[in-house]
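# Coordinates in review
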Amino acid sequence: MGVPVVRIRVLVVDDHRIFAESLAAALAAEPDVEVAAAGSGPAALRCLERAAAEGRGYDVMLVDAELGALAGARNPAGARGHRAAVPAPRSGEAAPVDGISLVAGVRSGRPSVHTVVLAERDDPRRAALALQAGASGWVAKDCSLQRLLTVIRGVLRDETHLPPALLTGVLRELTAARKHRTESEQLVESLTPREREVLRCMVAGLGRKAVAERLYLSPHTVRTHMQNVLGKLGVHSTLAAVALARRAGVGPVDLEPAGSLGDVVERGSQPA
């Protein structure tokens, strides 16, 4: 009896159906690769969830850098060989998720899945963002199949793969991002302890009335603190202050102990 082949389970996520089907077919021809394809970010998350529930999680996810840019290209495709159909978004589903956001979400929710971004063009800034989001590689869509297989097998060994031509630009972008974070941290350190409390409340999405109730201050005093926070951070809006705070690593205040929180404003995640 021969030695059983250990299959690498790959999920291709691309809303260009022809490309996704062609790539899946090429990868499925490899004896140790099993492939499925998803036509959107939400569909990919459903595939990951279903596979995990079945105890057959994916090893590598290949994500289109421009995911979500196409419209009307997410119809189901018939399964062939090892490939699954490209799932269509459900009725009422959220708007398409872009590639970098999908990478970050999978990195957070399913860290065992290695992600590689497939791009039509070299873009040092986007590649740096992908690495910061948790991607293990950035590969040109027109690369050879052998090159892509090398990257897939490499990321499973915890390697990071970038085209040599992108390396200098990506390092420059990562250095700039680190400097930007340091500057944000310095600005936050200029705040008084009370102003930092107010900033954490702002990060949590609390409005002025809720902050006043939480910190046992008058709304007028909270307004003054908020103005001081914006001034010291050098920004002109609460949204910009929250984004800067996130870059500096400032988390939201814990909402659990508070009683009545008044006008709580729910926000999506701000860029880190």
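Residues numbered from 1 in each chain as written. Predicted model: local features only at pLDDT ≥ 70, side-chain atom pairs only at ≥ 80, totals over all residues. Heavy atoms only, no water.

The subject of this paragraph is the overall build of the protein chain. Each helix and strand counted, the protein chain has ten helices and five strands in total. Within the protein chain, the proportion of its 272 residues that are buried is 43%. Counting only carbon and sulfur atoms, one obtains 53% of the accessible surface of the protein chain, whose full area is about 14,300 Å². (Helix = DSSP H or I, 4+ residues; strand = E, 2+ residues; numbered from the N terminus. Buried < 20%, exposed > 50% of the residue type's maximum accessible area, 1.4 Å probe, protein only. Areas by Shrake-Rupley, 256 points an atom, 1.4 Å probe, with all protein chains shown as cover.)

On to helix α1 (residues 17-28). Counted at 1.5 Å a residue, the expected span for α1 with its twelve residues is 16 Å, and the 16 Å between its end C-alpha atoms agrees. For α1, the elements touching its buried residues are β1 (8-13), β2 (33-38), β3 (60-64), β4 (114-119) and α5 (145-155). (Expected span 1.5 Å × (residues − 1). Contact = heavy atoms within 4.5 Å.)

A separate point is the nonpolar core. Generally speaking, soluble globular proteins have nonpolar side chains that are buried together. Formed by 28 residues in total, the largest nonpolar core has its most connected members in Leu11, Met61, Leu102 and Trp138. Of all the secondary structure elements, the ones that give two or more residues to this core are β1, β2, α2 (41-53), β3, α3 (99-109), β4 and α4 (124-133). Of all the elements, α2 adds the most residues to this core, at five residues. Those residues within four positions of Met61 in sequence are excluded, and the remaining contacts are Leu11, Val13, Leu48, Leu102, Val106, Val113, His114, Thr115 and Val116. If you look at the next biggest cluster of nonpolar residues, it comprises 26 residues, including Leu206, Leu215, Ala245 and Ala248. (Core = buried A, V, L, I, M, F, W, Y, C linked by side-chain atoms within 4.5 Å.)

Strand pairing in a sheet relies on backbone hydrogen bonds, with the paired strands running either antiparallel or parallel. Within the open sheet, the five strands sit side by side as β2-β1-β3-β4-β5. Their pairing is parallel. The open sheet has two edge strands, β2 and β5 (137-140), and neither has a second partner. For this sheet the average axis-to-axis angle between neighbouring strands, irrespective of direction, equals 25°. Strand direction decides the pairing type here: β4 and β5, joined by four bridges, are parallel. By the bridge assignment, Val117 is partnered in β5 with Trp138. Taken strand by strand, α2 contacts β1, β2 and β3, and its axis lies near 160° from that of β1. (Pairing = 2+ DSSP bridges. Axes fitted to C-alpha atoms, helices over the stretch in contact; angles between N-to-C directions.)

To continue, consider unusual backbone geometry. Residue Asp158 is not a glycine yet carries a positive backbone phi of 65°. Within the element layout of this structure, Asp158 appears in the loop between α5 and α6 (164-189). Phi angles above zero are rare outside glycine, and Tyr216 is one such case at about 55°. Counting through the fold element by element, Tyr216 comes out in the loop between α8 (208-215) and α9 (219-233). According to the relative accessible area criterion, Tyr216 is exposed, its value standing at 75%.

That's the geometry; what it means functionally is another story.
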